[in-house]
Each structure stands twice: as structure tokens, then as C-alpha cells.
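Read off the chains here:
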Amino acid sequence: MEKVKFKQLQALKHRAYAAFAQGSRLDAPDQDASRLDPISLAFVGDAYYALNLRRRLVETGIPNVQVLHLLAAEFVSAKAQAYVYRLLKDDLTEEEHLVCRRARNAYSQAPKSASVAEYHDSTALEALIGYLVLSGQNERLGQVFQKVVDYTKDYCAKQHGERN
């Protein structure tokens, strides 16, 4: 991701508002999803990940929104996502590995709540999900996300001792 000065950022933001409002595309060339900026992929992947995990939590019948929020926040944390990524990474295709590697190596500031390694691994997972969403690989997305859910359940069991 390139550094942008304030005036350049404001100009780009203005053009982005106009493009969005008009339903048009900025003058940037079309790119294959695997070549998009990995942080942009993670941006989309994060939203998909959070929405779909929240949906799964609601489907469990939890009647309290505060409990739903607490579980969702934990399960989309860098720590939980890093755990999931480490279990999932051996099942990825070569193209998926490349997307994850680029995302792991992208510069980003790790939050205080996670180690740098956890943050890089969680970014890789989010970029993978974003890549699958944006490349329209819906069947593969479903397969990968089911593993995400299964590994998140495993994480929950290990963290909270809730095993069947």
C-alpha cells in the first residue's frame, strides 16, 4: 500500500465519492482478485467473516444481544483468526497460499490485543476470504468458511472447555 499525502487522500476521496454515487469505476485498471492489494482483500474478508460468524451465532438461538456481541468479538479477534488460519493453511491451493503470503507480508500496525504474528496470520485469513468473495469462487468460499466455523468451534472449546 502506497503512502498518500493528505491533499492526495482528499482528492482521491472526492473522486471515490463521485464514482460511487454515479455507479462508475475509478480510472484504475481492472485487476484479477489475486492481484488486488492484500489489505483491500482483508477489508472485504473481514466484513464477510464477521457477518457470517454473527449469522451462525444468531442461529444458535442465543437470546441476548450482549452475549452475541461478546462471542462475535472474541471469534473475529486476531487471536482466534490466527488459530483458525494455522489449522486451515495446509488445505489451501497454491493461489490461495500466494494471496495469504502477500497479506502476511503487507505492512500493517498490529493492535495491542494480539501479537504481531497473530495479527499477520489473521490478516492472511481475512485476505483469503476477501479473495474468494471478490473472485466469485462461491463453492470454494463455502468450503473454506465451513472449515473456519469448525476451527472456530474448536477454538471455543479449547478456550472455554465446552466439549461435547
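Definitions and cut-offs
Residues numbered from 1 in each chain as written. Predicted model: local features only at pLDDT ≥ 70, side-chain atom pairs only at ≥ 80, totals over all residues. Heavy atoms only, no water. Helix = DSSP H or I, 4+ residues; strand = E, 2+ residues; numbered from the N terminus. Buried < 20%, exposed > 50% of the residue type's maximum accessible area, 1.4 Å probe, protein only. Areas by Shrake-Rupley, 256 points an atom, 1.4 Å probe, with all protein chains shown as cover. Lys, Arg positive; Asp, Glu negative; His and termini not counted. Charge placed at Lys NZ, Arg CZ, Asp CG, Glu CD. 1 Å grid on protein atoms, 1.4 Å probe; cavity = no way out; pocket = protein on both sides within 12 Å on 5 of 7 lines; lining within 4 Å. Points joined across faces, edges and corners; volume = space filled by probe spheres on them. Nonpolar A, V, L, I, M, F, W, Y, C, P; charged D, E, K, R; others polar. Core = buried A, V, L, I, M, F, W, Y, C linked by side-chain atoms within 4.5 Å. Contact = heavy atoms within 4.5 Å. Expected span 1.5 Å × (residues − 1). Salt bridge = Lys/Arg side-chain N within 4 Å of Asp/Glu carboxyl O. Polar contact = N/O pair within 3.5 Å; in protein donor to acceptor, adjacent residues only side chain to side chain.

Visitor: Hey, could you go over the overall build of the chain for me, with residue numbers and the actual values?
Guide: Scanning the chain from N- to C-terminus turns up 7 helices and 0 strands. When the helices and strands of the chain are listed from N to C terminus, the series reads α-α-α-α-α-α-α. Counting only C-alpha atoms, the chain reaches 55 × 35 × 35 Å along its principal axes. Taking all 164 residues of the chain together, 32% fall into the buried category. Element-wise, carbon and sulfur atoms account for 55% of the exposed surface of the chain, whose accessible area totals about 10600 Å². For the chain, the centre of its 22 positive side-chain charges and the centre of its 20 negative side-chain charges are spaced 6 Å apart.

Visitor: Describe the layout of surface pockets, with residues and values.
Guide: If you add up the space inside the second largest pocket, you get close to 320 Å³. Looking at the second largest pocket, the residues that line it are L53, R56, L57, T60, I62, V67, L71, F75, V149, T152, K153 and C156. Ranked by residues supplied to the lining of the second largest pocket, first place goes to helix α7 (residues 138–160) with 4 residues. Looking at the lining of the second largest pocket residue by residue, the class counts come to 8 nonpolar, 2 polar and 2 charged.

Visitor: How would you summarise the nonpolar core if you had to cite specific residues and measurements?
Guide: Counting 30 residues, the largest nonpolar core has Y49, L125, L128 and V148 as its most contacted members. Sort the elements by how many residues they give to this core and helix α6 (residues 116–134) lands first, with 7 residues. In this view, Y49 contacts F75, V76, Q81, V84, L125, I129, F145, V148 and T152; residues no more than four positions away in its chain are not counted.

Visitor: An account of helix α1 (residues 6–22) is needed here, citing residue identities and associated values.
Guide: Over its 17 residues, α1 runs 24 Å from end to end, which matches the ideal 24 Å to within 8%, given 1.5 Å per residue. One or two positions beyond α1, positive phi appears at G23, with a value near 70 degrees.

Visitor: Quick one: what's the story with helix α2 (residues 38–59), residue by residue and with numbers?
Guide: Residues spaced three or four apart along an α-helix point in a common direction, a consequence of the helix completing one turn every 3.6 residues. Over its 22 residues, α2 extends 31 Å from the first C-alpha to the last, a length consistent with the 32 Å expected when each residue adds 1.5 Å. Regarding α2, the residues found buried are P38, L41, A42, G45, Y49, A50, N52, L53 and L57. The secondary structure elements touched by the buried residues of α2 are α3 (65–75), α4 (78–88), α5 (94–105), α6 and α7. Positive backbone phi, at 90 degrees, marks G61, one or two positions downstream of α2.

Visitor: Residue-level account of the pattern of salt bridges, with values.
Guide: The final tally for this structure, using the stated rule, is 6 salt bridges. Two residues, R104 and D121, come together in a salt bridge whose shortest N-O distance is 2.6 Å. A residue pair is termed long-range when its members are at least 10 positions apart, and R104 in helix α5 and D121 in helix α6 qualify at 17 residues. Residue class for D121 comes out buried when judged on its relative accessible area of 6%. It is possible to trace a salt-bridge network through shared partners that takes in R86, R104 and D121.

Visitor: Just give me the short version of the environment of D121, but keep the residues and values in it.
Guide: Counting along the chain gives 21 residues from D121 to C100, while the straight-line C-alpha distance between them is 8.3 Å. Not counting residues up to four positions away in its chain, the partners in contact with D121 are A82, Y85, R86 and R104.

Visitor: With reference to specific residues and values, describe the side chain of R140.
Guide: Mapping R140 onto the fold places it in helix α7. For R140, a relative accessible area of 19% gives the class buried. A polar side-chain atom of R140 sits 2.8 Å from a polar atom in the side chain of E96. Apart from the residues lying within four places of it in its own chain, the contact partners of R140 are D91, L92, T93, E96 and L132.

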